[in-house]
Amino acid sequence: MASMRLIITTLVLLSVLGASKAQLSNISDMDIALAEMKAGSYNGFAMLLQMLMESGSPIPTRDVTFLMPNDTLLADQTSLAFNALPDFIIRHTIRSPLKFNNLLLIPNGTIIPSPLHKYGLIVSNHGSRNFFVNNARIVIPDVCRASSFIACHGISDVLISPRGTSPPPHSPPPHPSPSPSPAPVPQAPHIAPPPHSPPPHSSPSPSPSPVPQAPPPSPPIAPQPAPATAPAPAPSSSDAMPRAYISVLVLFISAIVVGLANP
């Protein structure tokens, strides 16, 4: 009788152990990570993951690192629509299970790629107490410890959206070089109209001085008749005789001179 009871007890224990083993085999790494998130005061982030998993959304559940805002930060996301939840979760993931000691090996300024378009996670590594991813600092590292395929860390802020990616707030953003401002278009100077003044009175032009007229031609003066000269008085007969002798005498003397010159 006692041996029968021992056999029954053994069979019951074996069945219980088998059921527990079957139940443990059905528990995934994601289930364990969700339980650790809820225990670490990240219940809101765990609920978002569960909702998306149940709706069949394509979110990573293995080989992933979750960067989790706390419940207070998530409560402020009142404008977050359900169809935007997948992008919100993917924005807070790294497609590799990185414990915090692995993150500290990433050089400062590294950009971790993201499946989201035109988005990346900029690492600012200034030690374990000042490790930033974009605008958020890791405040509680290694919330998920049980699984080697899933890592999760608590962060100080919700990561900014892809359109607003910027350097973390503790480092001054680069100052853009001032672009040359376009040269101002010269404005035409405003010329005030001249004050109205009455038109000047034209002074009468001086009349031209009269041109002196030539005096009328004097009437022609008839030439005075020359005075008639009185004829010389004819020689008297008494004067003609001596002159005739003188002439004969001159001819005679001339003939003598000629004869003497030609012997």
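Check the entry above for the structure.
Presented here is a report on the structure given in the accompanying data block. Computed from a predicted model, the values in this text were never measured in an experiment.

Taking 1.5 Å per residue as the helical rise, helix H3 (residues 43-55) with its 13 residues ought to reach 18 Å, and the 18 Å between its terminal C-alpha atoms agrees with that figure. Of the positions making up H3, those classed as buried are Phe45, Ala46, Leu48, Leu49 and Leu52. Within H3, the buried residues cover an arc of 160° as seen down the axis, which keeps them to one side. Just downstream of H3 lies Gly56, where phi reads positive at about 80°.

Bringing the packing of helix H2 (residues 29-39) against H3 into the picture now. Direction vectors running N to C along H2 and H3 enclose 150°, while the axes themselves pass 7 Å from each other. The orientation of H2 with respect to H3, classified from their angle, is roughly antiparallel. The element H2 and its partner H3 pack so that their crossing is left-handed. Across from Met30, Leu34, Met37 and Lys38 in H2, the residues of H3 making contact are Asn43, Phe45, Ala46, Leu49, Gln50 and Met53. Residue composition of the contact of H2 with H3, by class: 7 nonpolar, 2 polar and 1 charged.

Below, the discussion takes up the side chain of Thr65. Mapped onto the elements of the fold, Thr65 is located in strand S1 (residues 64-68). For Thr65, the side chain forms a polar contact with the main-chain oxygen of Ser96, separated by 2.4 Å. The contact partners of Thr65, leaving out residues within four places of it in the chain, are His92, Thr93, Ile94, Ser96, Pro97, Leu98, Ala151 and His153.

Residue classification places Thr65 among the buried positions, given a relative accessible area of 0%. On a C-alpha basis, the gap between Thr65 and Arg95 in space is 6.5 Å, while along the polypeptide they are 30 residues apart. Within the structure, the side chain of Thr65 is placed 2.7 Å from the backbone nitrogen of Leu98, a separation counted as a polar contact.

Take the state of the cysteines next. Under the defined criterion, the tally for this structure stands at 1 disulfide. Across the disulfide from Cys144 sits Cys152; the S-S distance is 1.7 Å. Its S-S torsion of about 105° marks the bond between Cys144 and Cys152 as right-handed, since a negative value means left-handed.

Glancing now at the sheet that holds S1. One open sheet accounts for 7 strands, arranged S2-S1-S7-S6-S5-S4-S3; its pairing is mixed. The open sheet has two free edges, formed respectively by strand S2 (93-94) and strand S3 (111-113), since each of these has just one partner strand. Pairing between strand S6 (residues 136-140) and strand S7 (residues 150-155): 2 bridges, direction antiparallel. Each bridged residue has a counterpart across the sheet, and for Ile138 the counterpart in S7 is Ile155. Contacting S1 and S7, H2 runs over the sheet at an angle of about 20° to S7.

Next up on the list: the pairing of S6. Where strand S5 (residues 131-133) and S6 come together, 2 bridges link them in antiparallel fashion. Opposite Phe132, over in S6, you have Arg137 as the bridge partner. Following S5, the chain reverses through 2 residues before pairing antiparallel with S6; Asn134 in that reversal takes a positive phi of roughly 55°.

Further remarks concern the pattern of salt bridges. When the charged atoms of two side chains with opposite charge come close together, those side chains can pair. Enumeration over the complete set of coordinates arrives at 1 salt bridge. Close ionic contact of Arg62 with Asp29 constitutes a salt bridge, the shortest N to O distance being 3.2 Å. Placement of the pair is Arg62 in the loop between H3 and S1 and Asp29 in helix H2, with a sequence separation of 33 residues. Among the residues examined, Arg62 registers a relative accessible area of 44% and is labelled partly exposed.

Position of Ala39 relative to the elements: it lies in helix H2. Its relative accessible area of 69% is what places Ala39 among the exposed residues. With 104 residues separating them in the primary sequence, Ala39 and Val143 have C-alpha atoms 9.0 Å apart.

The next subject is H2. Since one α-helical turn is 3.6 residues long, residues separated by three or four positions face the same way. Listed as buried for H2 are Met30, Ala33, Leu34, Glu36 and Met37. Here the buried residues of H2 occupy an arc of 165° about the axis, which is enough to place them on one side. Tucked inside the fold, the buried residues of H2 contact H3, S1 and S7. Of the residues trailing H2, Ser41 is marked for its positive phi of about 70°.

What counts and how
- Residues numbered from 1 in each chain as written.
- Predicted model: local features only at pLDDT ≥ 70, side-chain atom pairs only at ≥ 80, totals over all residues.
- Heavy atoms only, no water.
- Helix = DSSP H or I, 4+ residues; strand = E, 2+ residues; numbered from the N terminus.
- Expected span 1.5 Å × (residues − 1).
- Buried < 20%, exposed > 50% of the residue type's maximum accessible area, 1.4 Å probe, protein only.
- Arc of directions from axis to C-beta.
- Axes fitted to C-alpha atoms, helices over the stretch in contact; angles between N-to-C directions.
- Parallel < 35°, antiparallel > 145°, perpendicular 65-115°, else oblique.
- Left-handed = near helix turned anticlockwise from the far one by under 90°.
- Contact = heavy atoms within 4.5 Å.
- Nonpolar A, V, L, I, M, F, W, Y, C, P; charged D, E, K, R; others polar.
- Polar contact = N/O pair within 3.5 Å; in protein donor to acceptor, adjacent residues only side chain to side chain.
- Disulfide = S-S within 2.5 Å.
- Pairing = 2+ DSSP bridges.
- Salt bridge = Lys/Arg side-chain N within 4 Å of Asp/Glu carboxyl O.

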